[in-house]
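Coordinate inspection notes
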Amino acid sequence: MVPVRVTLTQHPKEKPQDESKLGFGVIFTDHMFVMDYNPEQGWHDPEVKPYGPFVMDPGTVVFHYSQEIFEGMKCYRRKDGGLQLFRPRDNFARMNRSAERLCMPQIEIEQAMAGLMELLKADADWVPSTPGTSLYIRPTMIATDIMLGVHASRTYRFFIICSPSGAYYENGLAPVGIYVESELVRAVRGGVGFTKTGGNYAASILAGDLAEKKGYSQVLWLDGRENKYIEEVGSMNMFFKFKDALVTPPLNGSILGGITRDSILKLAQEMGVPTQERRITVQDVFDAAARGELEEAFGTGTAAVVSPVGRLMWNDREIEISGGEIGTLTQKFYDRLTGIQYGTEPDTLGWVVPVE
Ligand code: COI
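Residues numbered from 1 in each chain as written. Predicted model: local features only at pLDDT ≥ 70, side-chain atom pairs only at ≥ 80, totals over all residues. Heavy atoms only, no water.

As for its position among the elements, Cys103 is in the loop between helix 2 (88-101) and helix 3 (109-122). The sequence separation of Cys103 and Asp123 amounts to 20 residues, and the corresponding C-alpha distance is 32 Å. Sequence-distant contacts of Cys103, that is, excluding residues within four places in its chain, are made with Gln67, Ala152 and Tyr156. (Helix = DSSP H or I, 4+ residues; strand = E, 2+ residues; numbered from the N terminus. Contact = heavy atoms within 4.5 Å.)

As structure tokens, this is what we get:
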């Protein structure tokens, strides 16, 4: 592993005064971690340095063909003031799965961890302490060759930036309304749906805009082939609590393998809640609702945490879930998960990594 060079800023920025108004991903800290790759040297020059712009040639591959991947994780401040991360190595491992699909180089997980730890030490004072807030961490890899041919780049840049953030949804834990998209698709079999690449999110913006205009916070995507199986909400995996089990779509290659999704499945096991990873149609969900067997629905994600879904709109029909309130099980998962993340609940599954 190459030692991380640390160059601290001489011009620290003013930190936000009111942590209740952080928003999501709009303020950035004083430093960033950067390292570069070429086939001759591998990853080299890892450095924590003052946060600032990259000067890049307009012909750089990432601007043209979106050879880019990213991750999302968070650093939490415990009550005793200490800092901790939640399953960070799982995020870097997922980044390597995205990298393989996008023909990008693997990162050495311990090298990325070392860079992240140095960055968090430099920016420790930026981690907010108000309940529900955290430091959102965005590791990213971009292709840096300058060329217009459609091939994998030879050179890359990996960087990590951080943003003190509040809840992803404006109204915090209030149940969100979700629009089931029946025309546009997010991903298809054999595509890049399981990766965290910017293009997946770019492809979702139009549907998101249309849904917002209709009064819904997010879009629920259906499979790209038959247009009937539930996939994911771009920023969240979905869970449905039916009478007999908690159900989530399986990792079929076109949805993201969420770290929070996996955590909920494991916590459900710990709590004795039966779970099923199985294909489920939107019709199944609406039928179960009509029979009174759909008890709760929620989404999971690093940014979104556990977000109750209060309304689902599909083909001009809307159902209300849990009376539009946060469901009992949803609340239990939220409390247990955030309890582990903020260090107020026992970390029985060994997920927490302290920043020391
Ligand atoms: C995350 O939950 O970390 C994500 O990357 C979702 C994002 C698009 C806000």
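Still more ground to cover, so stick around.
This part takes up the packing of helix 6 (residues 259-271) against helix 8 (residues 328-342). Where helix 6 contacts helix 8, the two axes come as close as 11 Å, and the packing angle between them is 105°. Classified by the interaxial angle, the pair formed by helix 6 and helix 8 is roughly perpendicular. Contact with helix 6, carried on its side by Thr260, Ser263, Ile264, Leu267, Ala268, Glu270 and Met271, involves Leu329, Lys332, Phe333, Arg336, Leu337 and Ile340 of helix 8 and no other residues of that element. For the contact of helix 6 with helix 8, the per-class residue count stands at eight nonpolar, two polar and three charged. (Axes fitted to C-alpha atoms, helices over the stretch in contact; angles between N-to-C directions. Parallel < 35°, antiparallel > 145°, perpendicular 65-115°, else oblique. Nonpolar A, V, L, I, M, F, W, Y, C, P; charged D, E, K, R; others polar.)

This part covers unusual backbone geometry. The residue Cys103 is not glycine, and still its phi comes out positive at about 60°. In this structure, Val305 is a non-glycine residue whose phi angle is positive, near 60°. Position of Val305 among the secondary structure elements: in strand 16 (residues 305-314).

Taken together, the side chains of Tyr65, Leu148 and Val150 make up a nonpolar region of the molecular surface, amounting to roughly 320 Å² of accessible area. Take Leu148: it is sitting in the loop between strand 7 (134-143) and strand 8 (156-165). (Patch = residues over 30% accessible without salt bridge, like charges linked within 9 Å, V, L, I, M, F, W, Y side chains within 5 Å. Areas by Shrake-Rupley, 256 points an atom, 1.4 Å probe, with all protein chains shown as cover. Salt bridge = Lys/Arg side-chain N within 4 Å of Asp/Glu carboxyl O.)

Function cannot be read off these values alone, since they describe shape.
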